[in-house]
Amino acid sequence: MDVNFSKLSEEFPHLKKHFKENGKYDFGREGAVYDISEVILKKVYDLNIHFDRTKLCPRIPNRLAYIKWCERLVHERCELNKDKAEGFISIDIGTGSSAIYPFLGVKHSKFASVFIGTDVDPHSIDHASSLVHANGLQDRIKLVTVSNSEEIINSSLIDSEDLDNHVVSITMCNPPFYSSHEDLLHHAQNKPDRTNVLTASESELIYSDGGEFGFVSKYVEQSLRIKDAAFNECWFTSQLGLKGTCDRLDEKMKELKFNKLVKAYIIEELIIRDMTFRPTTKRWVIAWTVNSKFHYPIPRLRIPNILLDLVYEKLNTFSYCTLYFDEYKTSFYLESEYPTWTRKLQRQIKFKRSDFLKNGSQKCIFKVAGDCVYWVYGEDNYSWETIKTYLLKIR
Ligand SMILES: C[S@@+](CC[C@H](N)C(=O)[O-])C[C@H]1O[C@@H](n2cnc3c(N)ncnc32)[C@H](O)[C@@H]1O
């Protein structure tokens, strides 16, 4: 998102008052960040947003980076369940007065058809509701006021009608960072380069029960207790603003994973490429899943480009496997019930023996995209290890 500020100010003259004498946009001026953010949302997404000037102004590049990260996280699941895509819901915990994630999600992502935003602040929900109406997005964005601030996530919060015939693909959250005013001041002292005054309400910044770590810990614990089937394949996520929180959550998640209470988790720095507003502040993301068999999409094996046709040809010969292309025919998937590429199973199939069928099928999905192989779905490590060996031997 390259922003040409002076060009924008020709089209939106109210921006002109925020320019310095040297022609640079001055983010430190009162209202400057709100004004430019509204203009960008209008220009890029045709969204009519008027921010509540008493609340936090969301930095669009950083919000977008998180949305894109989430999109990558659940891409395969959505891609492979296109028939159900209409039923995917995303929940934004602490959506704020601008419901920025639901708005950007509707315009920018394919991971949900409906976004539910929750918040403890009824004024925020009122303001966000008026924006949803102003943009005619009532069918796609639903907002819920949380009456009990102890409840970070709880499926009973969400109107059961909204969850009927739907599945929750992902939950998002940008939690309050600080545990108290002192904590806030302490962190502010370490950011002497802050150019604009921070306007925000108490619940946006402070969570007295442990700040960011306390908030996300509670969110994690509550996610483990959700019984609603709509969350079966859900990835729970949160943005994190403090490196210390990442380290503490890493410890917590390691233990939960060891005790098999979470199936997988990831903590990563969020790549915020955009320099629209000022040098970007570091942000991290955490994601965890209790049940999902879909994996975080990391390339696990590289195969030379030159062999791709041959790989496709060979994989296409296996029994109990289906091979199919993605929408744009740029990658293909192998969906297998049994690892029929192994010598053992090949022999059984050749001699028309079916002992292997007795053990029950173990669905796995692998994806070949570019020169990378991804393990997309499934838990059968034997299938993954043996297909890797098979692929590496193709010449
Ligand atoms: C840092 S702000 C994020 C606002 C918006 N999502 C954004 O990114 O700009 C945190 C939000 O969480 C809300 N919040 C605090 N406790 C909450 C709770 N228990 N449940 C839901 N929202 C909560 C606050 O009112 C605030 O709007």
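How each quantity is defined
Residues numbered from 1 in each chain as written. Predicted model: local features only at pLDDT ≥ 70, side-chain atom pairs only at ≥ 80, totals over all residues. Heavy atoms only, no water. Near = heavy atom within 4 Å. Polar contact = N/O pair within 3.5 Å; in protein donor to acceptor, adjacent residues only side chain to side chain. Helix = DSSP H or I, 4+ residues; strand = E, 2+ residues; numbered from the N terminus. Nonpolar A, V, L, I, M, F, W, Y, C, P; charged D, E, K, R; others polar. Salt bridge = Lys/Arg side-chain N within 4 Å of Asp/Glu carboxyl O. Domains from an automatic or database assignment. Contact = heavy atoms within 4.5 Å. 1 Å grid on protein atoms, 1.4 Å probe; cavity = no way out; pocket = protein on both sides within 12 Å on 5 of 7 lines; lining within 4 Å. Points joined across faces, edges and corners; volume = space filled by probe spheres on them.

Per an unreviewed UniProt entry, the protein goes by the name U6 small nuclear RNA (Adenine-(43)-N(6))-methyltransferase and belongs to [Candida] railenensis.

Turning our eyes to something else, we now look at the site of the ligand. Residues in close proximity to the ligand total 20 residues, the closest being Arg63, Gly94, Asp119, Asn174 and Ser203. A distance of 3.4 Å separates a nitrogen atom of the ligand from a polar backbone atom of Thr95. Within the contact set of the ligand, an oxygen atom lies 2.9 Å away from a side-chain nitrogen or oxygen of Asn174. Elements supplying a minimum of two residues to the shell around the ligand: helix H4 (100-108), strand S2 (114-119) and helix H8 (202-205). Within the shell around the ligand, the residues separate by chemical class into 8 nonpolar, 7 polar and 5 charged.

In this structure, Ala99 takes a positive phi of about 45° despite not being glycine. Tracing the sequence through the fold places Ala99 in the loop between strand S1 (88-93) and H4.

For the rest of this paragraph, the subject is the pattern of salt bridges. Pairs may arise between side chains of opposite charge once their charged atoms sit close together. Considering all chains together, one arrives at 23 salt bridges under this definition. A salt bridge links Lys218 to Asp209, with the nearest nitrogen and oxygen atoms 2.8 Å apart. Linked by salt bridges that have partners in common, Lys17, Asp35, Glu38 and Arg53 make up one network.

Attention shifts here to the domain arrangement of the protein. Here the protein is partitioned into domain 1 (5-289) and domain 2 (301-393). In this complex, domain 1 contributes 8 residues to the contact, which on the side of domain 2 involves 10 residues. Counting the contacts that link domain 1 with domain 2 gives 2 salt bridges. The salt bridge involving Glu379 is made with Lys263; its shortest N-O contact spans 2.9 Å.

Attention now goes to empty space enclosed by the protein. Summed over the entire model, instances satisfying the criterion amount to 1 cavity of 30 Å³ or more. One number sums up the size of the largest cavity: a volume of about 50 Å³. What lines the largest cavity is simply Leu315, Phe332, Leu334, Phe366, Lys367, Val368, Val373, Ile387 and Leu391. Of all the elements in the fold, those that place two or more residues in the lining of the largest cavity are strand S10 (331-336), strand S11 (364-369) and helix H13 (381-393). Considering each element in turn, the lining of the largest cavity owes the most residues, 3 residues, to S11.

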